[in-house]
Amino acid sequence: MILYITVAAVTVLLAGFVNNHPATQPYNVTRQQMCNRVCLTGIFVILFALSAARINVGNDYAKYVEFMHLVNCDSYVPTEIGFNLMVKIIYGLSGFENFLLVFAFYAFVTVFLFLLAMYEGSDDFPLTFFLFMALGYYFQTFSTVRYYLALAIALYAMKFVLRRQWGRFIVLVLFGSTFHKSLLVVIPLYILASLPWKKWQLALAALFCTTFLFLQDFYLKVVVFLYPTYEDTEYLEGGTSYINILRCAAVLVFAGIVKLVNKRQGDSVFQRRRFWFYFYLNLGGLVLYVFCSFLPIISRIGYYLTVSQILFLPMLLGQIADRRWRKVLRLGVILAAMLYFVMYLSRASNDGVLILPYKSFFFHDMVNILSDMN
């Protein structure tokens, strides 16, 4: 735990020196731009090294090693073609089942995409990065590595939705779905969140949401059709997160207050588009957590929507005209995130998380996988 707290503290400190909207000079690199490069490189190296050096850390690390072994043996695995092809290439180039290099590849790409998305999309990179660490997104990449690569792609793809660059958005999502097909859900969800909803349309959408209460068997059959490996497994048990419900509700209330109290007529069309896009993503996340708790692993779909909070909250704070209130509310957001981080680390050794104790391949060996015991 001390290691994780230290890594979080050091990287957040480095992020504090980053200004992702620096003044530029033609043909010259400014001091701030150079500082950005040094600090971002330092952050990337620390996060990549911690993730790449781990062994048997994460709730499904051994399961992934088993999947990689089966892929190499040309046996059936429920993973997507992108993952399987990448394993084949790395194992082929290595000449042996080098699962450590596969996890390092995922760590490299996932951390890089998250940092790039935050640097390009945030109004306040230091705060966004702090939320990224405190809300556990980085540490959760130690588990379900395919999914968190897809989540990083989803966060990066938001900029294409906001710019109405639909071709790039769809191509990127389709590519990412070859590593985790759940990413496909962001195509309809992000498009819906980008629409200029009218009140009567929101009323119809709310009426449609009530069908999740009465047609649960139908929706479960749809899920089993899309994910046949879920049939007759514990994944169909469903479940929701009251903390995520509270987070979504708090963000929506905060957004509503900022919108009412601070009506800035000078906001550009792009800024208004960003506000409503992030607002509807979090509204959609709230609806999923409340009405769709019976669906398997609803949190995975919800995270595609609520990961926008690390961009939305800094944007909302930046729109508060009163400097004193902005500082007070910023402090409130930071304290709430720190409390969440403490809660997250307190259950880091529990089943379903298992990022503690941290183990490195420098000092530990991999445990036997299922194929080794047969």
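1. Brief notes about the packing of helix α2 (residues 31-52) against helix α5 (residues 99-121)
For step 1, the next point in the chain: Between α2 and α5, the least distance of the axes is 9 Å, while the angle of their chain directions is 145°. In the packing of α2 onto α5, the handedness of the crossing is right-handed. Counting all contacts with α2, which are made through N36, L40, I43, F44, L47, F48, S51 and A52, the residues of α5 involved are A104, A107, F108, V111, F112, L115 and Y119.

2. What about the packing of aromatic side chains?
For step 1, the next point in the chain: Under the definition given, this model contains 41 aromatic pairs.
For step 2, the next point in the chain: Consider the rings of Y138 and F142, whose centres lie 5.4 Å apart with planes at 75°: the pair is edge-to-face. Exposure class is identical for Y138 and F142. Each is buried.
For step 3, the next point in the chain: The side chain of R247 reaches across the aromatic face of Y340, ending 5.3 Å from its centre.
For step 4, the next point in the chain: Over the face of the ring belonging to Y147 we find R300, whose NZ or CZ atom lies 5.7 Å from the ring centre.

3. Remarks on empty space enclosed by the protein
For step 1, the next point in the chain: Scanning all chains against the criterion turns up 1 cavity of 30 Å³ or more.
For step 2, the next point in the chain: One number sums up the size of the largest cavity: a volume of about 70 Å³.
For step 3, the next point in the chain: Contributing to the lining of the largest cavity are S51, R54, F103, Y106, A107, T110, V111, T141, V145, Y148 and L149.
For step 4, the next point in the chain: Elements with a minimum of two residues in the lining of the largest cavity: α5 and α8 (145-162).
For step 5, the next point in the chain: The leading source of residues in the lining of the largest cavity is α5, at 5 residues.
For step 6, the next point in the chain: Along the lines of polarity and charge, the residues of the lining of the largest cavity split into 7 nonpolar, 3 polar and 1 charged.

4. Description of the confidence of the model for the protein chain
For step 1, the next point in the chain: Here the protein chain averages 88 in pLDDT, while 91% of its residues score no lower than 70.
For step 2, the next point in the chain: For the protein chain, the element scoring lowest by mean pLDDT is helix α19 (residues 370-373), at 60; helix α6 (residues 125-134) scores highest, at 97.

Reading the values: the criteria
Residues numbered from 1 in each chain as written. Predicted model: local features only at pLDDT ≥ 70, side-chain atom pairs only at ≥ 80, totals over all residues. Heavy atoms only, no water. Axes fitted to C-alpha atoms, helices over the stretch in contact; angles between N-to-C directions. Helix = DSSP H or I, 4+ residues; strand = E, 2+ residues; numbered from the N terminus. Left-handed = near helix turned anticlockwise from the far one by under 90°. Contact = heavy atoms within 4.5 Å. Phe/Tyr/Trp six-rings, centres within 6.5 Å; stacked < 30°, edge-to-face > 60°. Buried < 20%, exposed > 50% of the residue type's maximum accessible area, 1.4 Å probe, protein only. Lys NZ or Arg CZ within 6 Å of the ring centre and 35° of its normal. 1 Å grid on protein atoms, 1.4 Å probe; cavity = no way out; pocket = protein on both sides within 12 Å on 5 of 7 lines; lining within 4 Å. Points joined across faces, edges and corners; volume = space filled by probe spheres on them. Nonpolar A, V, L, I, M, F, W, Y, C, P; charged D, E, K, R; others polar. pLDDT = per-residue confidence, 0-100.

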